[in-house]
Amino acid sequence: MNAQRQARAVRLGPRSITALLLVSAVGVAAFGWPFLAPPTSRLSAHAQDAPWLFAGLLVLLVAVVAAAISESGLGPKAVAMLGVLAATGAALRPIGAGTAGIEPMFFLMVLSGRVLGPGFGFVLGSVTMFASALLTGGVGPWLPFQMLAMGWFAMGAGLLPGPDRLRGRSELVMLAGYGFLAAFAYGTVMNMAGWPFMSALASNVAFDPEAAVPANLARFLAYCLATSLGWDLGRAVVTVVLTLTLGPAVLRALRRATRRAAFEAPVTFDAPRETSEVRRPT
């Protein structure tokens, strides 16, 4: 069987790559500032305000990235595919909400990013999380962090090796392994976004702006183990199970759809045909 080249639903040009790198760098700072800012800094002094500041900044940066990617080649066929997958992912998210981290949307993000490439994956992850938040009423200061983290999650699947050659069982195992690790990574970075909101007086695992980095790191690890390990494990296991069981069918469907969409072929409209001259009766 001939290997199919990975679809390029979104072409990443220099401007798009620069925007992605910029928002990723700011995102790392937004998630990890408790470990980057020294206790004597002004940022640590405003520990309860900093997440709100970063949330507002991330909204603007994610919008800039989406605009840059759209300008670089998000055509009408890619927009249609984006709408269908984002709506499907948003509908899947509430299925297991509140039940041990059962979130089936994650496996769809992995497979979509793999088939449609990193640029499309980033946009799809961000848009899906935004749509699902509107659907479930989960709009808050955590939403920009969720959009960025899910964008990274789906984009990473598009950056996995062998997109044009690796197929079959080996590809499924790789995608399942990535989904397992990335599900834990997603939970960890989202913990970093919400952890500074806790008051240091409320618990000995809360962020303490006056403590040194090693002490806060120990508090954060204890916080993850105490609050989210079960959710992250549930999310990771569900992602692996769905990838191994439904993955072959979903991958075939996505690749068939991308072949028919022919994203790299420009959309053209034929000129109307001239009406033939009506013959007069002799």
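Per chain, residue numbering runs from 1 following the sequence as it is written. A pLDDT threshold of at least 70 governs which residues receive local features in this predicted model, and a stricter bar of 80 or more applies before side-chain atom pairs are shown or counted, although totals over entire chains, interfaces and linings include all residues. With hydrogens and water set aside, each side-chain value is computed from the structure's full complement of heavy atoms.

**Observations regarding the packing of aromatic side chains**
Step number 1: A pair of aromatic rings is counted whenever rings of Phe, Tyr or Trp (Trp by its six-membered ring) have centres within 6.5 Å, and the orientation is called stacked for planes under 30 degrees apart, edge-to-face for over 60 and tilted otherwise. One pass over the full model with this rule turns up four aromatic pairs.
Step number 2: With 6.0 Å between their ring centres and 50° between their planes, Phe153 and Tyr178 make a pair best called tilted. With Phe153 in helix H7 (residues 143-158) and Tyr178 in helix H8 (residues 169-194), the pair connects residues that are 25 residues apart, well separated along the chain. Segments assigned H or I by DSSP are reported as helices when at least four residues long, segments assigned E as strands when at least two residues long, and all are numbered from the N terminus.

**Here's the deal with helix H1 (residues 14-36)**
Step number 1: For H1, built from 23 residues, the straight-helix expectation of 33 Å at 1.5 Å per residue is missed by more than 12%, its first-to-last C-alpha distance being only 29 Å.
Step number 2: Where H1 bends most, the angle comes to about 50°, and this point is Ala30, followed within four residues by the proline Pro34. What a helix should span is 1.5 Å times the count of its residues minus one. A residue's bend is simply the angle between two axes: one fitted to the seven residues ending at it, one to the seven starting at it.

**Observations concerning the pattern of salt bridges**
Step number 1: The working definition used for a salt bridge is a side-chain nitrogen of Lys or Arg within 4 Å of a carboxyl oxygen of Asp or Glu. Scanning all chains against the criterion turns up five salt bridges.
Step number 2: Glu103 is the salt-bridge partner of Arg235, the closest N and O atoms lying 2.8 Å from each other. Of the two residues, Arg235 is situated in helix H10 (residues 229-261) and Glu103 in the loop between helix H4 (76-92) and helix H5 (105-116); the sequence distance between them amounts to 132 residues. In terms of burial, Arg235 and Glu103 fall into one category: buried.
Step number 3: A salt bridge links Glu171 to Arg255; its shortest N-O distance comes to 2.6 Å. Remark: Arg255 occurs in helix H10 and Glu171 occurs in helix H8; sequence separation between them is 84 residues.
Step number 4: If you follow the salt bridges from partner to partner, you end up with Arg114, Arg167, Glu171 and Arg255 in one network. A 1.4 Å probe rolled over the protein chains alone gives each residue an accessible area, and that area as a share of the maximum for its type sets the label: buried under 20%, exposed over 50%, partly exposed in between.

**Some thoughts on the nonpolar core**
Step number 1: Of all hydrophobic cores here, the largest spans 56 residues; its most connected members are Phe31, Leu85, Met109, Met150, Phe153 and Tyr186.
Step number 2: Broken down by secondary-structure element, the contributors of at least two residues to this core are H1, H4, H5, helix H6 (118-136), H7, H8, helix H9 (213-227) and H10.
Step number 3: Considering each element in turn, this core owes the most residues, ten residues, to H7.
Step number 4: The contact criterion used throughout is that any non-hydrogen atoms of two residues lie within 4.5 Å. Beyond its immediate stretch of four places on either side in the chain, Phe31 contacts Phe145, Leu148, Ala149, Trp152, Val189, Met190, Met192 and Ala193. For our purposes a nonpolar core is just a set of buried Ala, Val, Leu, Ile, Met, Phe, Trp, Tyr and Cys residues, chained together by side-chain atoms within 4.5 Å.

**Some words on the layout of surface pockets**
Step number 1: Cavities and pockets were defined on a 1 Å grid built over protein atoms only: a cavity is a set of grid points that admits a 1.4 Å probe from which the probe cannot escape, a pocket is an open set flanked by protein on both sides within 12 Å along at least five of seven lines, and lining residues are those with an atom within 4 Å of any such point. Grid points are joined across faces, edges and corners, and a volume is the space filled by probe spheres set on the points. In this structure, the largest pocket occupies an estimated 420 Å³ of space.
Step number 2: Lining the largest pocket we find 20 residues, and of these Gln146, Tyr186, Met190, Asn191 and Arg235 sit closest to its centre.
Step number 3: At the level of elements, H8, H9 and H10 are the ones that each hand at least two residues to the lining of the largest pocket.
Step number 4: Under the scheme applied here, ten amino acids are nonpolar (Ala, Val, Leu, Ile, Met, Phe, Trp, Tyr, Cys and Pro), four are charged (Asp, Glu, Lys and Arg), and all others, including Gly, are polar. Grouping the constituent residues of the lining of the largest pocket by class yields nine nonpolar, seven polar and four charged.

**Focus: the packing of H7 against H8**
Step number 1: To get an axis, a line is fitted to the C-alpha atoms, and for a helix only the part in contact is used. The angle between two axes follows their N-to-C directions and goes from 0 to 180 degrees. Two elements in contact, H7 and H8, have axes separated by 10 Å at closest approach and are oriented at 160°. As far as their axial angle goes, H8 and H7 are roughly antiparallel. For the pair H7 and H8, the sense of crossing is right-handed. Between H7 and H8, the residues in contact are Phe145, Gln146, Ala149, Met150, Trp152, Phe153, Gly156 and Ala157 and Tyr178, Ala182, Ala183, Tyr186, Val189, Met190 and Ala193, respectively.
Step number 2: Of the residues belonging to the contact of H7 with H8, the class tally is 13 nonpolar, two polar and no charged. Any angle from 65 to 115 degrees is called roughly perpendicular, while one under 35 is roughly parallel, one over 145 is roughly antiparallel, and all others are oblique. In a left-handed crossing the near helix is turned counterclockwise from the far helix by less than a right angle, and in a right-handed crossing that turn is clockwise.

**Some remarks on the side chain of Asn191**
Step number 1: Here Asn191 lies in helix H8.
Step number 2: Owing to a relative accessible area of 10%, Asn191 belongs among the buried residues under this scheme.
Step number 3: Residues adjacent in sequence count toward polar contacts only when both atoms are side-chain atoms; beyond that, a polar contact is any pair of N or O atoms within 3.5 Å, and within protein one must be able to donate a hydrogen and the other to accept it. Here Ser228 takes part through its side chain, which lies 2.6 Å from a polar atom of the side chain of Asn191.
Step number 4: Setting aside residues up to four positions removed in sequence, Asn191 forms contacts with Phe220, Tyr223, Cys224, Ser228 and Asp232.

**Concerning the packing of H8 against H9**
Step number 1: Look at H8 against H9: their axes get within 11 Å of each other, and the N-to-C directions meet at 120°. Our classification of the angle between H8 and H9 gives oblique. Where H8 crosses over H9, the two elements pack in a sense that is right-handed. Of the residues in H9, those touching H8 at Thr188, Asn191 and Met192 are Phe220, Tyr223 and Cys224.
Step number 2: The residue makeup of the contact of H8 with H9, split by class, is four nonpolar, two polar and no charged.

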